[in-house]
Amino acid sequence: MQRGDYMRKFIRSVFFVLLVTIVGAGIWLYTVYYEGEKPEIVLSSEIKTIGLKTVFEINCTDKKSGIRSASVAISQDGKKTSLAAVTVPARGKMTEVISIDLRPMDIRLHDGDATVEISVTDFSLRKNTGTINLSVTIDTIPPQISPITAYNYINPGGTCVVAYTLSEVVSKSVVVVDKDLFPSYPESKDGNNIYIAYFAIPIIDSEKENIRIHILAEDSAGNSSVYPIPFKIMGKKFRSDRMNISQQFLEMKMPEFQNRYRELQGTTLLDAFCYINDTMRQQDRETIETICKNTKPEKLWDGAFLRMTNASTMATFGDKRTYYNEGTAISKSVHMGVDLASTRTAEVEASNSGVIAFTGYIGIYGNTVIIDHGMGIFSLYGHLSSIGVSKDQTVSKGEIIGRTGLSGMAGGDHLHFSIIVGGKFVNPVEWWDPHWIRDNITRKLSGEI
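Residues numbered from 1 in each chain as written. Predicted model: local features only at pLDDT ≥ 70, side-chain atom pairs only at ≥ 80, totals over all residues. Heavy atoms only, no water.

### Topic: the environment of Asp339
Consideration 1: Mapped onto the elements of the fold, Asp339 is located in strand β23 (residues 338–341).
Consideration 2: Excluding residues within four positions of it along the chain, Asp339 makes contact with Ser312, Thr313, Met314, Ala315, Arg321, His414, Leu415 and His416.
Consideration 3: A polar contact of 3.2 Å, which involves the side chain of Asp339, links it to the side chain of His416. (Helix = DSSP H or I, 4+ residues; strand = E, 2+ residues; numbered from the N terminus. Contact = heavy atoms within 4.5 Å. Polar contact = N/O pair within 3.5 Å; in protein donor to acceptor, adjacent residues only side chain to side chain.)

In structure tokens, the structure reads:
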């Protein structure tokens, strides 16, 4: 091959390499600097209404050329007001988070329709721009709370009910007892929506000073109102019991728990008892509170609740117990129900109409049935030897749901009966009393008192 042929072949090779390089560079430049993908805009939450103060975040993303600028504005009646403006000095920033603290009254917006305009531009030579226009409603008027029920007399460990109307549909309506929240439930009456809330004063809380109880209502714009509930906590004393935990009781009951719970395997009988009475008791309470969060929004019960037929009271609600073993105090508890004893494996009736919320084994309560009576009111039946109902089954007042027994932390055959309101244990004696039902619920909700 002649020298000229080599040169021509070399030149063609160089030209091909240069061509590939130029084309590749062009494709890269086009892809990076002249790409046509718009930035992505994502809001931290859906925004339909703007209240007195509305806080939200805007997440801006551009995975190719990066964010160049972003702006947020609100328009009403042809007037546009800037809420935020961001300029990025150099390419490469792929994300930008913009925090908005919008207070309509500070920028002279009035209640009514408005538009939030969001615009984000990237660093592409095309200056691709993503936009979102949100149609919103400005609402700066908090809901007005108008109580129907008057003054409230509440027993320690007891139940109270309040009823009130609201000036608008709300997203949240609760009674607050210190830090505990008790939801309210709407009930239509005479063409009006009345909100009804049952709440409890736990025994421990009743001993506090300066308990705060109020209604809290919040609308979809985040505007909230608070209305203090006038109340008086009545004086009531609870029994104190000294209970001896014998070796015979430990040998009879602890194996049931040690066989069921891995954390108790290998422990002494006395250590097992202390763990069950302290740690497990609290865990059981939390389990029951979780079960009772899911309630029917309507009233399912009618009239006074039934007390177990022909049963003697063995222990009362609120009993403060100190447990001793060989003369030494080993543990304490507060009894959160009433223990009722009849004949061995006696029939247990549903105390009122409702829906079965739970059947199964719950720690100290053993075989347990929990009935949802609606609006946050539940009844609990513990220590059963057998269960005759299933979850989600509808039951009527007086219907047989099981039989008494020794399961759980029971030293003898009996029924442990509890009433739970908003996840808190309350005194069942109130709910057995037709006079208490009439004076503290029926007449109050009818506006008589």
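### A few points about the packing of aromatic side chains
Consideration 1: Following the criterion strictly, the structure yields 15 aromatic pairs and no others.
Consideration 2: Taking the centre distance of 6.5 Å and the plane angle of 80° together, the rings of Phe249 and Phe273 count as edge-to-face. Here Phe249 is found in helix α3 (residues 247–260), whereas its partner Phe273 is found in helix α4 (residues 269–291), with 24 residues between them in sequence.
Consideration 3: Taking relative accessible area as the criterion, Phe249 reaches 15% and is therefore assigned buried.
Consideration 4: On the basis of relative accessibility, which here comes to 1%, the residue Phe273 falls in the buried class. (Phe/Tyr/Trp six-rings, centres within 6.5 Å; stacked < 30°, edge-to-face > 60°. Buried < 20%, exposed > 50% of the residue type's maximum accessible area, 1.4 Å probe, protein only.)

### Describing the pairing of strand β30 (residues 400–403)
Consideration 1: When strand β24 (residues 347–349) meets β30, the two strands line up antiparallel, connected through three bridges. Considered in β30, the bridge of Glu349 is made with Ile400.
Consideration 2: The pairing of strand β28 (residues 386–387) with β30 spans two bridges and is classified as antiparallel. For Ser386, the partnering residue across the bridge sits in β30 and is Arg403. (Pairing = 2+ DSSP bridges.)

### Observations regarding the pattern of salt bridges
Consideration 1: A full pass over the atoms with the stated rule returns 15 salt bridges.
Consideration 2: Note that Asp241 is salt-bridged to Arg239, the shortest N-O span being 3.9 Å.
Consideration 3: Residue classification places Asp241 among the partly exposed residues on the basis of a relative accessible area of 22%.
Consideration 4: Using a relative accessible area of 41% as the deciding quantity, one classes Arg239 as partly exposed.
Consideration 5: In this structure, Arg403 and Glu347 form a salt bridge, with 3.6 Å as the shortest nitrogen-oxygen distance. Placement of Arg403 in strand β30 and of Glu347 in strand β24 is noted, with a sequence separation of 56 residues between them. (Salt bridge = Lys/Arg side-chain N within 4 Å of Asp/Glu carboxyl O.)

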